[in-house]
Amino acid sequence: MLPASAKAPHKQARKQSISIGRGTRKRDEDSGTEVGEGTDEWAQSKATVRPPDQLELTDAELKEEFTRILTANNPHAPQNIVRYSFKEGTYKPIGFVNQLAVHYTQVGNLIPKDSDEGRRQHYRDELVAVSYQGSQESAKVISETENLEEDEEPKELETESGSQTDVPTAGAAEKVTEEELMTPKQPKERKLTNQFNFSERASQTFNNPLRDRECQMEPPPRTNFSATANQWEIYDAYVEELEKQEKTKEKEKAKTPVAKKSGKMAMRKLTSMESQTDDIIKVSQAAKIVERMVNQNTYDDVAQDFKYYEDAADEYRDQVGTLLPLWKFQNDKAKRLSVTALCPKYRDLFAVGHGSYDFMKQSRGMLLLYSMKNPSFPEYMFSSDSGIMCLDIHVDHPYLVAVGHYDGNVAIYNLKKPHSQPSFRSSAKSGKHSDPVWQVKWQKDDMDQNLNFFSVSSDGRIVSWTLVKSELVHVDVIKLKVEGSTTEVPEGLQLHTVGCGTAFDFHKEIDYMFLVGTEEGKIYKCSKSYSSQFLDTYDAHNMAVDAVSWNPYHTKVFMSCSSDWTVKIWDHTIKTPMFIYDLNSAVGDVAWAPYSSTVFAAVTTDGKAHVFDLAINKYEAICNQPVAAKKKNKITHVQFNPIHPIIIVGDDRGHIICLKLSPNLRKMPKEKKGQEVQKGPAVEIAKLDKLLNLVREVKIKT
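Here the structure is a predicted model, which means the values were calculated and not measured. For every chain, the first residue of the written sequence is number 1, and numbering continues from 1 onward in sequence order. Reporting of local features is limited, given that this is a predicted model, to residues whose pLDDT is at least 70; pairs of side-chain atoms are given and counted only at 80 or more, and all residues count toward the totals for whole chains, interfaces and linings. Water and hydrogen atoms play no part in the side-chain values, which are based on all heavy atoms of the structure.

*Asks:* An account of the overall build of the chain is needed here, citing residue identities and associated values.
*Replies:* By definition, any uninterrupted DSSP run of H or I lasting at least four residues is a helix, any uninterrupted run of E lasting at least two residues is a strand, and each is numbered from the N terminus. Broken down by element type, the chain carries 10 helices and 34 strands. Classification of residues uses two cut-offs on accessible area relative to the type maximum, computed with a 1.4 Å probe and protein chains only: under 20% is buried, over 50% is exposed, and between them is partly exposed. For the chain, the proportion of its 702 residues judged to be buried stands at 33%. The contact criterion used is simple: two residues touch if any of their non-hydrogen atoms lie within 4.5 Å. A fraction of 47% describes how many contacts in the chain between residues 6 or more apart in sequence connect residues 24 or more apart. Computed with a 1.4 Å probe, the accessible areas rest on the Shrake-Rupley method; for each residue, only the protein chains presented here act as cover. Taken as a whole, the chain presents about 50,400 Å² of accessible surface, with 52% of it coming from carbon and sulfur.

In structure tokens, the structure reads:
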């Protein structure tokens with residue numbers, strides 16, 4: 001039973017519910033709907049309660065939609081990263097930025113079941129389970145057999161003879177099964193269908209920081225050595241060496257014949273020791289290399305200009321070029337001797353002959369070979385009693401140099417032998433010239449493979465020299481005679497005026513044909529086969545012909561120069577010149593360019609060098625430039641380098657200057673769209689033929 005106080009609340013609640021139910025029924029009746037008495041409170045409509053601080057929005061604002069797009073970009077990733085580009089030499093912005101943000105990483109060790117490693121682990125687990133199960137069974141069998149042996153004793157059976165035999169027990173059979181169980185059967189491993197199956201495992205490692213390892217030590221001790229060698233010290237050293245040699249000779253004379261035989265081996269050892277102690281021979285090669293290194297450092301700016309400099313002003317000049325001076329070669333021993341011959345056969349080595357053109361000042365001669373790698377001192381040096389007027393280097397044997405002297409002798413120098421005397425030399429008995437030898441030229445070997453060369457002299461003889469058994473044998477090829485100068489003597493004899501040969505050149509393809517220039521200004525076309533007459537005669541110049549040269553490409557064209565200030569270009573089939581150029585001074589030498597059939601250079605006694613290109617301008621030179629070291633110096637010879645775009649010129653003071661041709665002086669044919677530039681001898685021949693045809697047409701019309 002509940003107390004009265006406890007019952008009162010229930011009664012009050014019942015009354016309230018009844019009254020609420022009646023009130024609702026009345027409202028429903030008024031509204032025209034009937035609701036049962038048992039309706040619950042939750043089913044009735046509820047009014048929305050709005051907080052007092054809620055923002056009031058219009059219908060348009062309520063209908064407006066706000067979209068939010070989620071992207072995988074990292075908002076904290078930098079967007080302005082730049083890195084240095086070694087290719088372009090500038091800092092470049094990086095377009096791709098890594099947007100990955102790692103919050104948690106853990107290295108896992110799960111392996112897929114289908115992978116090879118998963119199959120191997122599964123197979124390994126099966127083997128372990130089988131071996132474990134077999135070991136348990138074998139242990140159980142062993143324990144059972146031990147119990148049986150303890151309970152039963154072996155039974156003995158008596159045979160008829162009275163002997164006893166043992167009966168096999170169950171333990172023996174059990175042992176067989178034990179051995180079988182101890183070796184579990186291994187299931188056969190399945191072969192994979194693809195023997196190249198492999199699994200890739202990606203791993204990320206940290207880059208180890210770079211470490212610098214340095215060591216510090218004391219520098220090695222250094223000593224500075226310096227000495228000055230003058231002429232007196234060098235002279236004293238040579239005098240001491242001569243005294244030593246004289247003492248050894250006196251000792252040899254004082255010894256008896258018996259002592260000489262016994263001391264022969266000792267003398268050999270002594271001489272070998274003396275040769276080893278010769279410091280000059282020991283360090284000669286090393287000193288030459290060091291000298292080249294020092295010179296290359298000294299003339300580094302010149303070497304850079306030679307290799308890389310191109311005159312940019314040529315783009316703005318109208319078909320005009322320049323010459324850039326590079327190296328200057330000179331030697332004190334050849335200071336007052338003229339440069340009488342130049343012969344460049346290699347890309348960096350060239351030979352120079354020194355003598356004198358003044359017959360009143362004839363003294364001595366020098367043969368020097370310079371290298372552009374060492375401008376300060378010649379590589380080879382040979383001296384002679386008479387001036388050297390011409391020289392030529394053999395093509396197949398470049399160590400042999402043929403020279404012609406002012407006294408009429410010819411000689412051959414061997415660069416392999418260091419002594420200054422020539423290896424072979426003509427004499428009065430062997431048919432030397434009676435006047436100066438103005439030019440020598442090596443020719444092909446004769447039928448017996450003997451070396452031979454030709455020489456021309458003012459005595460009118462053109463001589464072929466052949467090297468037979470270490471001797472020079474001469475044969476007179478032709479004797480020059482002035483045509484129309486024969487005079488009859490009362491006794492019935494005829495006197496001929498001798499033509500003085502000054503220059504000659506052999507045809508590049510026709511071996512027997514050659515040209516000879518004379519002091520009378522005539523040029524004779526001769527043959528080795530005819531010694532009494534000329535193939536043709538050209539009235540070339542009014543003064544002595546200084547040089548004659550065949551074109552290296554065109555077989556019909558040759559060029560000549562003279563002291564009458566003119567340079568003439570000829571077609572040997574026509575007796576009149578095709579081109580004539582007046583240079584306002586005596587022309588000392590001319591030379592064709594090896595890279596073009598229309599380019600040639602000429603030097604004059606007023607110290608200027610003239611470069612012509614007939615394809616660009618056939619009326620005048622495209623370069624006139626003073627190149628002499630001093631204004632009073634006369635330029636005597638010029639030659640092109642066979643490979644590099646340079647020329648070398650020599651003057652009457654013994655100076656040789658190397659000059660680089662600007663781009664306008666060595667223009668090559670321009671490329672046309674869709675066409676390749678044609679190169680080669682055929683193109684050069686056609687280029688010169690085109691110019692000659694224009695001149696021929698004009699001459700035919702006139």
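*Asks:* Describe the packing of aromatic side chains, with residues and values.
*Replies:* Side-chain rings of Phe, Tyr and Trp, where Trp is taken by its six-membered ring, are said to pair if the distance between their centres is within 6.5 Å; with planes under 30 degrees apart they count as stacked, over 60 as edge-to-face, and otherwise as tilted. A full pass over the atoms with the stated rule returns 22 aromatic pairs. Arranged with centres 5.2 Å apart and planes meeting at 50°, the rings of Phe382 and Tyr413 form a pair that is tilted. Residue Phe382 is found in strand E9 (residues 380–384), and its partner Tyr413 is found in strand E12 (residues 410–414); the two are separated by 31 residues along the sequence. Across this residue pair, the class does not change: Phe382 and Tyr413 are buried. Between Phe558 and Trp570, the aromatic rings sit 6.0 Å apart at their centres with planes inclined by 0°, giving stacked as the arrangement. Taken together, the residues span a long stretch of sequence, with Phe558 in strand E25 (residues 557–562) and Trp570 in strand E26 (residues 566–571) at a distance of 12 residues. Residue Phe558 is classed as buried on the basis of its relative accessible area of 0%. Cluster of aromatic residues (ring-pair linked, three or more members): Phe579, Tyr581, Trp592, Phe600 and Phe612.

*Asks:* So what's going on with the pattern of salt bridges? Residues and values would help.
*Replies:* Any two side chains of opposite charge can pair, on the condition that their charged atoms come close. A carboxyl oxygen of Asp or Glu within 4 Å of a side-chain nitrogen of Lys or Arg is what we treat as a salt bridge. A full pass over the atoms with the stated rule returns 14 salt bridges. We note a salt bridge from Arg292 to Glu379, for which the minimum N-O separation is 3.2 Å. Highlighted residues: Arg292 in helix H8 (residues 279–298) and Glu379 in the loop between strand E8 (365–371) and E9, separated in sequence by 87 residues. Since its relative accessible area comes to 25%, Arg292 is described here as partly exposed. A residue is classified by how much of its surface remains accessible, and Glu379, at 14% relative accessible area, is buried. The network of salt bridges with common partners includes Lys441, Asp505 and Lys508.

*Asks:* I'd like a rundown of unusual backbone geometry, residues and numbers included.
*Replies:* Despite not being glycine, Trp565 shows a phi value in the positive range, around 80°. Structurally, the position occupied by Trp565 is in the loop between E25 and E26. A positive phi is found at Asn584, a non-glycine position, where the angle reads about 65°. The residue Asn584 is located in the loop between strand E27 (579–582) and strand E28 (587–592) in this model.

*Asks:* Describe the nonpolar core, naming the residues involved and giving the relevant values.
*Replies:* What we call a nonpolar core is a set of buried Ala, Val, Leu, Ile, Met, Phe, Trp, Tyr and Cys residues that are connected through their side-chain atoms within 4.5 Å. In this structure, Val567, Ile569, Phe579, Tyr581, Val590, Phe600 and Leu614 are the most contacted members of the largest nonpolar core, which totals 22 residues. Among the elements of the structure, E25, E26, E27, E28, strand E29 (599–604) and helix H10 (681–701) are those that each provide at least two residues to this core. If sequence neighbours within four positions are ignored, Ile569 has contacts with Val557, Phe558, Met559, Pro577, Met578, Phe579, Tyr581, Trp592, Phe600 and Leu614. Formed by 20 residues, the second largest nonpolar core is a distinct cluster that contains Leu323, Ala591, Ile622 and Ile635.

*Asks:* Give a description of a negative patch on the surface that names residues and reports values.
*Replies:* A cluster of acidic side chains, namely Glu233, Asp236, Glu240, Glu241, Glu243, Glu246 and Glu250, defines a negative patch on the protein surface. Position of Glu243 among the secondary structure elements: in helix H5 (residues 231–254). The patches reported here contain residues having more than 30% relative accessible area and no salt bridge. Joining distances are 9 Å for like charges and 5 Å for nonpolar side chains (Val, Leu, Ile, Met, Phe, Trp, Tyr). His residues and chain termini do not enter the charge count, which takes Lys and Arg as positive and Asp and Glu as negative. A charge is said to be at NZ when it belongs to Lys, at CZ for Arg, at CG for Asp and at CD for Glu.

*Asks:* Account for the side chain of Arg461, naming residues and giving values.
*Replies:* Looking at where Arg461 falls in the secondary structure, it is placed in strand E16 (residues 461–468). There is a polar contact of 3.3 Å between the side chain of Arg461 and the backbone oxygen of Lys432. Definition of a polar contact: a pair of N or O atoms within 3.5 Å, with one able to donate and the other able to accept a hydrogen when the atoms are protein atoms, and with sequence-neighbouring residues admitted only if both atoms are side-chain atoms. There is a polar contact of 3.0 Å between the side chain of Arg461 and the side chain of Asp476. Leaving out residues up to four positions away in the same chain, Arg461 has contacts with Gly431, Lys432, His433, Ser455, Val456, His474, Asp476, Ile478 and Lys479.

*Asks:* Talk me through the confidence of the model for the chain; I want residue IDs and the actual numbers.
*Replies:* pLDDT: the predictor's confidence for each residue, scored from 0 to 100. Of all residues in the chain, 76% have pLDDT values of 70 or greater, and the mean over the chain is 77. Element-level pLDDT for the chain is lowest in strand E3 (residues 156–158), with a mean of 41, against a maximum mean of 91 in E29. Overall, residues 1–39 carries pLDDT values under 50, and its contacts beyond four positions in sequence, including any with other chains, amount to 5 contacts. With pLDDT under 50 throughout, residues 153–176 is counted as low confidence; its partners more than four residues away or in other chains account for 13 contacts.

*Asks:* Just give me the short version of a positive patch on the surface, but keep the residues and values in it.
*Replies:* Taken together, the side chains of Lys328, Lys335, Arg336, Lys361, Lys630, Lys632 and Arg653 define a basic patch exposed on the protein surface. Within the secondary structure, Lys630 sits in the loop between strand E31 (623–626) and strand E32 (635–640).

*Asks:* For a nonpolar patch on the surface, give the residues involved together with the corresponding values.
*Replies:* On the surface, a nonpolar cluster with roughly 530 Å² of combined accessible area is contributed by Val82, Tyr84, Phe86 and Tyr91. Inspection of the secondary structure assignment puts Tyr91 in strand E2 (residues 90–93). On the basis of relative accessible area, Tyr91 is assigned to the exposed category, the value being 60%.

*Asks:* Break down the pairing of E32 for me, with residues and values.
*Replies:* A large share of E32 lies buried, amounting to 5 of its 6 residues. Strands are treated as partners if at least two bridges between them are detected by DSSP. Where E32 lies against strand E33 (residues 646–651), 5 bridges are found, and the strand directions are antiparallel. Within E33, the residue paired with Gln639 across the bridge is Ile648. Count of turn residues in the E32/E33 antiparallel hairpin: 5 residues.

*Asks:* Describe the environment of Phe506, naming the residues involved and giving the relevant values.
*Replies:* Within the element layout of this structure, Phe506 appears in strand E20 (residues 501–506). C-alpha separation for the pair Phe506 and Ser527, spaced 21 residues apart in sequence, amounts to 9.7 Å. Apart from the residues lying within four places of it in its own chain, the contact partners of Phe506 are Lys441, Gln443, Phe454, Asp511, Met513, Phe514, Lys528 and Trp550.

*Asks:* Tell me about the sheet that holds E26, and name the residues and values.
*Replies:* Pairing within the open sheet is antiparallel, and its 4 strands lie in the order E24-E25-E26-E27. The open sheet is flanked by strand E24 (545–550) and E27, the only strands paired with a single partner. On average, each strand axis in the sheet is tilted by 15° relative to the strand beside it, whichever way the strands run. With 4 bridges joining them, E26 and E27 adopt antiparallel strand pairing. The residue of E27 that forms the bridge with Lys568 is Ile580. Note on geometry: axes are C-alpha line fits, over the in-contact stretch for helices, and angles between N-to-C directions span 0 to 180 degrees.

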